[in-house]
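Architecture at a glance
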Amino acid sequence: MITPTAQSQVPVITIDGPTASGKGTVAGRVAKALGWHMLDSGALYRLTALATQQQGVDSDNPQSVADVAENLDVVFSDGTILLAGQDVTDLIRHESVGSLASKIATYGPVRQSLLARQRAFRCLPGLVADGRDMGTIVFPDAPLKIFLVADALSRAKRRCKQLSQKGISANLTSLLEDMLERDKRDRDRALAPLVAAPGAVTIDSSALTIDETVNKVLGLWSGKGDPSGPM
Ligand code: C5P
């Protein structure tokens, strides 16, 4: 059993940034290289949105949605996400779920309900956490914080490609519009807005490959004197 004091000593790399900046892919690759755990915090907001829809809960009522978040029956296992026993790995990636996630993510009680669940991912040997407020709110003491950005068109193209690879049809223009609207909502919200954490290193991945971005993050981590070092 890991004590709260020991938990604060578990290293964390936070990767925050706007929609489709490549956070998830980069976080997964960095976690793999270091042999660490990974937290896709956006998935928790998406799962809450999906569960709200599936349970017919009023998505305009912050407390009702927070109750859904509190009681999420979710299992993350080898890249598969089960919600109440149903495989929803691809379902939560639909843009409609992402839009509802961004709406309910503005509710304070929902963010509060998901806080402990997110912090519970902080286990040895380390954690790579991606989202919007990993470095500002959830793990403010993380020794390395990254703010990953990319221009909107590159992000929309990437998201379009990702969705079509999953067999989900997508239109570049509407994706771009939806993405800009979602970014604005994430940046302008009062609670945990999308902003670079103090001390975060900003990486613009518009012109970088995934490998180059991953290597930059690993280089920054080993520059911090990581005793285990990237593999
Ligand atoms: O990262 P992803 O696009 O999967 O996240 C879905 C939505 O969840 C985001 O648009 C954002 O509004 C919200 N979110 C958040 N805080 C996080 C992660 C995601 O508010 N840490």
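Everything that follows concerns the structure shown earlier in this document.
Now for a look at the structure at hand. This is a predicted model, so every value here is computed, not measured.

1. Digging into the nonpolar core
- Residues Leu47, Ile92, Val110 and Phe139 are the most contacted members of the largest nonpolar core, which totals 34 residues.
- Contributions of two or more residues to this core are made by α3 (41-54), α4 (62-70), β4 (80-83), α5 (95-104), α6 (108-119), β6 (127-131) and α7 (134-138).
- Sorting elements by how many residues they give to this core places α3 first, with seven residues.
- With residues up to four places along the chain from it excluded, the contact list for Val110 reads Tyr45, Thr48, Pro62, Val65, Ala66, Ala69 and Ile104.

2. Looking at the site of the ligand
- Among the 17 residues in the neighbourhood of the ligand, the closest are listed as Arg46, Arg111, Asp133, Asp186 and Arg189.
- Arg46 places a polar side-chain atom, nitrogen or oxygen, 2.6 Å from an oxygen atom of the ligand.
- Between the ligand and Arg189 there is a distance of 2.8 Å, counted from an oxygen atom to a side-chain nitrogen or oxygen.
- Taken by itself the ligand offers 450 Å² of open surface, and the protein chains cover 97% of this.
- For the ligand, the cavity whose grid points lie within 2 Å of the majority of its atoms is the largest pocket.
- Only α3, α5 and α9 (172-188) provide two or more residues apiece to the shell around the ligand.
- At four residues, the largest contribution of residues to the shell around the ligand is made by α3.
- Grouping the amino acids of the shell around the ligand by side-chain chemistry returns four nonpolar, four polar and nine charged.

3. Section: the side chain of Asp178
- Considering the arrangement of structural elements, one finds Asp178 in helix α9.
- Judged by relative accessible area, which is 18%, Asp178 ranks as buried.

About the thresholds
- Residues numbered from 1 in each chain as written.
- Predicted model: local features only at pLDDT ≥ 70, side-chain atom pairs only at ≥ 80, totals over all residues.
- Heavy atoms only, no water.
- Core = buried A, V, L, I, M, F, W, Y, C linked by side-chain atoms within 4.5 Å.
- Buried < 20%, exposed > 50% of the residue type's maximum accessible area, 1.4 Å probe, protein only.
- Helix = DSSP H or I, 4+ residues; strand = E, 2+ residues; numbered from the N terminus.
- Contact = heavy atoms within 4.5 Å.
- Near = heavy atom within 4 Å.
- Polar contact = N/O pair within 3.5 Å; in protein donor to acceptor, adjacent residues only side chain to side chain.
- Areas by Shrake-Rupley, 256 points an atom, 1.4 Å probe, with all protein chains shown as cover.
- 1 Å grid on protein atoms, 1.4 Å probe; cavity = no way out; pocket = protein on both sides within 12 Å on 5 of 7 lines; lining within 4 Å.
- Sits in = over half its atoms within 2 Å of the grid points.
- Nonpolar A, V, L, I, M, F, W, Y, C, P; charged D, E, K, R; others polar.

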